[in-house]
Amino acid sequence: TAPRSEIEKKLTAIWQEVLGVENIGITDDFFEMGGHSIKIIKIISKIKKQLKLDIPVSLFFNYPTIEDFVKMLDKRADVKENEDKRDNKVINFLEI
């Protein structure tokens, strides 16, 4: 499956560069395409530089496709956003 969103496109480009594989789909498995721990480190470095995200190595083992990886990032972003909103409500409540 071709990348649909901007983040999927960026991750696909990073994976293609590091893995040396053309036409990676978002449902392709990182490890089945020749991925291993050293390549994970290279990808994490590029993600940090290009997308400003700190990603632990373990996420590649739990989410080995770009599609699953992006879904996980979206869920974490939603949780963080909800935490921020909750914290703001508490602060606002305490100011009243």
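A brief report on the enclosed structure follows. Since the model is a prediction, treat every value here as computed from it, not as a measurement.

### Here's the deal with the overall build of the protein
No. 1: Across its full length, the protein carries four helices and zero strands.
No. 2: Mapped from its N terminus to its C terminus, the protein presents α and β elements in the order α-α-α-α.
No. 3: The burial tally for the protein puts 31% of its 96 residues in the buried class.
No. 4: Contacts spanning at least 24 positions in sequence make up 47% of the contacts within the protein whose residues lie at least 6 apart.
No. 5: Of the roughly 6500 Å² that the protein leaves accessible, carbon and sulfur atoms contribute 53%.

### Here we look at helix α1 (residues 6–19)
Since the α-helix turns once every 3.6 residues, residues separated by three or four places project in the same direction.
No. 1: The terminal C-alpha atoms of α1, which comprises 14 residues, lie 20 Å apart, in line with the 20 Å expected from a rise of 1.5 Å per residue.
No. 2: Every buried residue belonging to α1 is among Glu-8, Leu-11, Thr-12, Ile-14, Trp-15, Val-18 and Leu-19, and all of these are buried. Take α1 and look down its axis: the buried residues cluster within an arc of 165°, on one side only. When the buried face of α1 is taken as reference, the exposed residues oriented beyond 90 degrees from it are Glu-6 and Glu-17.

### Considerations on the pattern of salt bridges
No. 1: Enumeration over the complete set of coordinates arrives at four salt bridges.
No. 2: Residue Glu-67 pairs with Arg-4 through a salt bridge whose shortest N-O separation is 3.5 Å. With Glu-67 in helix α4 (residues 66–95) and Arg-4 in the segment before α1, the pair connects residues that are 63 residues apart, well separated along the chain.
No. 3: Classification of Arg-4 as exposed rests on a relative accessible area of 53%.
No. 4: For Glu-17, the salt bridge is made with Lys-46, and the minimal N-O distance between the two is 2.9 Å. Of this pair, Glu-17 sits in helix α1 while Lys-46 sits in helix α2 (residues 37–51); the two residues are 29 residues apart in sequence, bridging distant segments of the chain.
No. 5: Lys-46 gets classed as partly exposed once you look at its relative accessible area, which sits at 23%.
No. 6: One salt-bridge network, held together by shared partners, links Arg-4, Glu-8 and Glu-67.

### Some thoughts on the environment of Lys-52
No. 1: In this fold, Lys-52 is placed in the loop between α2 and α3 (58–62).
No. 2: Overall, the relative accessible area of 68% leaves Lys-52 in the exposed class.
No. 3: Engagement of the side chain of Lys-52 in a polar contact is seen with the backbone oxygen of Lys-49, the distance being 2.8 Å.

### Quick word on a nonpolar patch on the surface
No. 1: On the surface, Ile-41, Val-57 and Phe-61 cluster together to form a nonpolar patch covering roughly 270 Å² of accessible area.
No. 2: Note that Val-57 resides in the loop between α2 and α3.
No. 3: With relative accessibility at 31%, the residue Val-57 sits in the partly exposed group.

What counts as what
- Within each chain, residue numbers correspond to sequence positions counted from 1 in written order.
- This being a predicted model, a pLDDT of at least 70 is required before a residue's local features are given, and a value of 80 or more before pairs of side-chain atoms are given or counted; all residues contribute to the totals for chains, interfaces and linings.
- The basis for the side-chain values is all heavy atoms of the structure; hydrogens and waters are excluded.
- Think of it this way: any DSSP run of H or I at least four residues long counts as a helix, any run of E at least two long counts as a strand, and we number them from the N terminus.
- The rule is simple: take the accessible area with a 1.4 Å probe, protein chains only, and divide by the maximum for that residue type; under 20% is buried, over 50% is exposed, in between is partly exposed.
- Residue contacts are counted whenever heavy atoms from the two residues lie within 4.5 Å of one another.
- Accessibility throughout is a Shrake-Rupley quantity obtained with a 1.4 Å probe, and a residue counts as covered only by protein chains that appear here.
- Helix span, expected: 1.5 Å multiplied by one less than the number of residues in the helix.
- Note that the arc is defined by the directions from the helix axis to the C-beta atoms.
- By definition here, a salt bridge exists when the distance from a side-chain nitrogen of Lys or Arg to a carboxyl oxygen of Asp or Glu is within 4 Å.
- N or O atoms closer than or at 3.5 Å make up a polar contact, with two conditions inside protein: a donor-capable atom paired with an acceptor-capable one, and, for residues adjacent in sequence, both atoms drawn from side chains.
- Each patch is built from salt-bridge-free residues with over 30% relative accessible area, joining like charges within 9 Å and nonpolar side chains (Val, Leu, Ile, Met, Phe, Trp, Tyr) within 5 Å.

This is a description of form; function is not addressed.
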